Structure formats: structure tokens, C-alpha cells
Amino acid sequence: MKKIVVFIILLCFFVTGCSVKKVNELTDAEKFANEFNVSDKNPFVYASIDDVIHIFTSDTGIIFIANSDEEGSLKAAPILTDAAKSVNIEKIYYYNPKKLKESSPKKYKKLLEIINSYLGNDSKNKKLKLPNVYTVKSGKIIGYSNYFSSNEQLSADKLTKKKKSKIRNEYINLLKDFKDAD
């Protein structure tokens, strides 16, 4: 009887122990897939605010500033993922600014200064509306899309195939322009 109990315990250990992946072992693509309900074969890499500021001021990259708690961001992510795949983009930096304003007001202010001309106005104040996609070459913004943030009603509406196609084409053109800007 003891052998059967030991065997069952060992069997359970091997079955569950070998198939469970800890959250801290997930790749950025897997984390993004879980957060935004997209395929885990995606180009997204989590970036810190320091990474984002560095890219905006002196580096090259594609930055997706979004928040998975917002409807527009949830709708944009799969469309951007699909567009990136069709243009063979291997890396898009993802940054969620949700807690930045409270945790690091100086860095938040720095970010707003860098992207000032791309911010929306809200009662005479500049405001970061999400989601946004920026393409940056050598610290210069060469492309920008805020399709969902500039179309707030669209964020709340169900997307038709025609609207999805239009947004996808906007993202594809943005990403192609980035690739061609060498």
C-alpha cells in the first residue's frame, strides 16, 4: 500500500512539476500574450521608462505605449502584432506608463517633454492618451500612430473588419516607413 501511495505522489509531482512554468520564467512575448490576449509569437519586449527615454533621445526602435486595462490598447495590440508579423518586425518595445506619474514624476515629465507635440489636449493640459505607437531613428521620432487614442469612440465600439483593415494598414505603413528609413 505504501508503494502505491508513494508512486501516486511521485507521479503527481512529475506531472505537475514538469509542466508548470513560473511567471518569472515567462519570456516577454509570453507575458505580453497573457496581458493582451495575442499569440506568444509576438515581437514585444517589455521596456522600462529609462529604456523608453533612451530610445526617444538617442537610439532606434519601435515603442508601443499602452495599458492592458484600457479597451483601446486591448484592441490595438492584436492588430499591431499582425502588422508587425506581416512586415517582419522582430522587436517592439512595450511600455505601460500607468504608475509612472505617481512613482517617478520627474521621469513622467521628461517623457511628456520628449513627446510633447504628440500629446492630446485635455482641458488646456497636455495628456498622454493611450495607445500610441512611435517609430524612432537615432533619437528622432519619424512616425507615430494614435488611431485608438484619437478616436475615443472607436475604442468603445466593436471593430468591423473594414475598421480593423484600415488600422492594420496604418500600422503596416508606419512599420514599413521605419524599415525603409535606413
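What comes next concerns the included structure. These numbers were taken from a predicted model, which means no experiment stands behind them. (Residues numbered from 1 in each chain as written. Predicted model: local features only at pLDDT ≥ 70, side-chain atom pairs only at ≥ 80, totals over all residues. Heavy atoms only, no water.)

**Some thoughts on the sheet that holds strand 2 (residues 61–65)**
Reading across the sheet, the five strands line up as 1-3-2-6-7 and stay open at both edges, with mixed pairing between neighbours. The sheet is open, and its two edges are formed by strand 1 (44–46) and strand 7 (140–145), each paired on a single side. Strand after strand, the sheet turns through a mean of 30° between neighbouring axes, direction not considered. Lying on the sheet, helix 3 (residues 49–58) is in contact with strand 2, strand 3 (92–95), strand 6 (132–137) and strand 7; it crosses strand 2 at an angle near 130°. (Pairing = 2+ DSSP bridges. Helix = DSSP H or I, 4+ residues; strand = E, 2+ residues; numbered from the N terminus. Axes fitted to C-alpha atoms, helices over the stretch in contact; angles between N-to-C directions. Contact = heavy atoms within 4.5 Å.)

**Here we look at the packing of aromatic side chains**
Enumeration according to the criterion identifies 13 aromatic pairs in this entry. Between Tyr118 and Tyr144 the ring centres are 4.7 Å apart and the planes differ by 55°, which places this aromatic pair in the tilted class. Here Tyr144 lies in strand 7 and Tyr118 lies in the loop between helix 6 (105–114) and strand 4 (120–122), a separation of 26 residues in the sequence. By relative accessible area, which is 23% here, Tyr144 ends up partly exposed. A network of ring pairs unites the aromatic residues Phe32, Phe36, Phe44, Tyr46, Phe64 and Tyr94 as a single cluster. (Phe/Tyr/Trp six-rings, centres within 6.5 Å; stacked < 30°, edge-to-face > 60°. Buried < 20%, exposed > 50% of the residue type's maximum accessible area, 1.4 Å probe, protein only.)

**Some words on the pairing of strand 2**
The buried fraction of strand 2 is high, at five of five residues. Residues Gly61, Ile63 and Ile65 line one face of strand 2 and the alternating positions Ile62 and Phe64 line the opposite face, and both faces are buried. As judged from the five bridges shared by strand 2 and strand 6, these two strands associate in the antiparallel manner. Bridging across to strand 6, Gly61 finds its partner in Val136. Where strand 2 and strand 3 come together, three bridges link them in parallel fashion.

**Quick look at helix 6**
One turn of the α-helix equals 3.6 residues, which is why residues spaced by three or four share an orientation. Residues of helix 6 that are buried: Tyr108, Leu111 and Leu112. Along the axis of helix 6, the buried residues cluster in a sector spanning 95°; they form a single face. Every exposed residue of helix 6 that faces more than 90 degrees away from the buried side is listed here: Lys106, Lys109 and Glu113. Close packing links the buried residues of helix 6 with helix 3 and helix 5 (100–103). (Arc of directions from axis to C-beta.)

**Side note on helix 3**
By the burial criterion, the buried members of helix 3 are Ile49, Val52, Ile53, Ile55 and Phe56. Seen end-on, helix 3 carries its buried residues on one side only, within an arc spanning 160°. Contacts made by the buried residues of helix 3 are with strand 2, strand 3, helix 5, helix 6, strand 6 and strand 7.

**Considerations on the layout of surface pockets**
The calculated volume of the second largest pocket comes to roughly 160 Å³. As for the second largest pocket, its lining consists of Ile49, Tyr95, Asn96, Pro97, Lys98, Lys99, Leu100 and Ser103. For the lining of the second largest pocket, the class distribution of residues is four nonpolar, two polar and two charged. (1 Å grid on protein atoms, 1.4 Å probe; cavity = no way out; pocket = protein on both sides within 12 Å on 5 of 7 lines; lining within 4 Å. Points joined across faces, edges and corners; volume = space filled by probe spheres on them. Nonpolar A, V, L, I, M, F, W, Y, C, P; charged D, E, K, R; others polar.)

**Observations regarding the packing of helix 4 (residues 71–87) against helix 9 (residues 161–180)**
Their axes nearest at 9 Å, the elements helix 4 and helix 9 cross at an angle of 45°. When the interaxial angle is binned, helix 4 and helix 9 end up oblique. The interaxial crossing formed by helix 4 with helix 9 has right-handed handedness. When helix 4 is examined against helix 9, the residues Ala76, Ile79, Leu80, Asp82, Ala83, Ala84, Ser86 and Val87 are found in contact with a partner set consisting of Lys164, Ile167, Arg168, Tyr171, Ile172, Leu175, Lys176 and Lys179. In terms of residue class, the contact of helix 4 with helix 9 is made up of 10 nonpolar, one polar and five charged. (Parallel < 35°, antiparallel > 145°, perpendicular 65-115°, else oblique. Left-handed = near helix turned anticlockwise from the far one by under 90°.)

**Considerations on the pattern of salt bridges**
Throughout the structure, instances matching the rule amount to three salt bridges. In this structure, Asp69 engages Lys98 in a salt bridge whose closest nitrogen and oxygen atoms are separated by 2.5 Å. Highlighted residues: Asp69 in the loop between strand 2 and helix 4 and Lys98 in the loop between strand 3 and helix 5, separated in sequence by 29 residues. In this structure Asp69 comes out as exposed when scored by relative accessible area, which is 55%. Residue Arg168 pairs with Asp82 through a salt bridge whose shortest N-O separation is 2.4 Å. One end of the pair, Arg168, is in helix 9; the other, Asp82, is in helix 4, and 86 residues separate them in sequence. Looking at Asp82, the relative accessible area reads 34%, which means it is partly exposed. (Salt bridge = Lys/Arg side-chain N within 4 Å of Asp/Glu carboxyl O.)

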